[in-house]
Amino acid sequence: YMNRYEEKLGYANKRGASEVLAVKIQEDVIVYMAKYHLMTEGWRVTPQNPNATEAVVFLGDSFTFGIGVQDEETYAYRVGEWMGRRYQVFNYGIGGWGTHQVYALVEDGWLDHISAQYDRVPVVYMPLDDHKNRLVGGSVWDQAGPCYTQREEGPIDNQCPFSPVKPWQ
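All values reported here derive from a predicted model rather than from experimental measurement. (Residues numbered from 1 in each chain as written. Predicted model: local features only at pLDDT ≥ 70, side-chain atom pairs only at ≥ 80, totals over all residues. Heavy atoms only, no water.)

Visitor: Could you give me a rundown of the sheet that holds strand S5 (residues 55–60), with the residues and numbers involved?
Guide: In sheet architecture, strand pairing relies on hydrogen bonds along the backbone and comes in two forms, parallel and antiparallel. Taking strand neighbours across the sheet as the criterion, the three strands line up as S6-S5-S7 in an open arrangement whose pairing is parallel. Strands at the two margins of the open sheet, each flanked by one partner only, are strand S6 (88–93) and strand S7 (123–125). Within the sheet, the average angular offset between the axes of one strand and its neighbour, ignoring direction, is 15 degrees. Strand contacts of helix H3 (residues 99–107): S5, S6 and S7, with the helix running at about 140 degrees to S5, the strand carrying the most contacts. (Pairing = 2+ DSSP bridges. Helix = DSSP H or I, 4+ residues; strand = E, 2+ residues; numbered from the N terminus. Axes fitted to C-alpha atoms, helices over the stretch in contact; angles between N-to-C directions. Contact = heavy atoms within 4.5 Å.)

As structure tokens, then:
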């Protein structure tokens, strides 16, 4: 509902500030109903501190994004509040992402503008067990995601997407 095809990542949130009402109903029972607010770049809203000299970047999946919870209930938002808004907080979580998207995001320089703007930028990433499955192309929604191969010699190489399917176009 919020995704767009992104060549290096498989998919990402649509760009443009927006508000999304997310509702999950299971067996006629509302499991959750939450409003997500996305910033212009497509990332989840976090506490803002335009005077911050340091930032914290949260990378990850639906847990990091905060599927099913209001903006101020995401752990990235709560950590930002807990730190007294001393840091500028960025929530770069997207539902369904795994370690391969996080690696591609860093490898492709998506965080360079943040590290250039702030004196210090700790990065937080909490993998889940299922990320091993996602990393090898085992997620049906992520077949266009990045696919890395470890060569005998040399660095990890981004060889392919798992398939040429572009489900988010």
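Visitor: Talk me through unusual backbone geometry; I want residue IDs and the actual numbers.
Guide: Excluding glycine, most residues fall at negative phi; most peptide bonds, likewise, are trans. Residues other than glycine seldom take positive phi values, yet Glu27 does so here, at roughly 55 degrees. Mapped onto the elements, Glu27 comes out in the loop between strand S3 (18–26) and strand S4 (29–38). Residue Glu27 is classed as exposed on the basis of its relative accessible area of 75%. Positive phi values are uncommon outside glycine, yet Arg85 reaches one of about 55 degrees. Within the secondary structure layout, Arg85 lies in the loop between helix H2 (75–82) and S6. Note on Arg85: relative accessible area 36%, which makes it partly exposed. (Buried < 20%, exposed > 50% of the residue type's maximum accessible area, 1.4 Å probe, protein only.)

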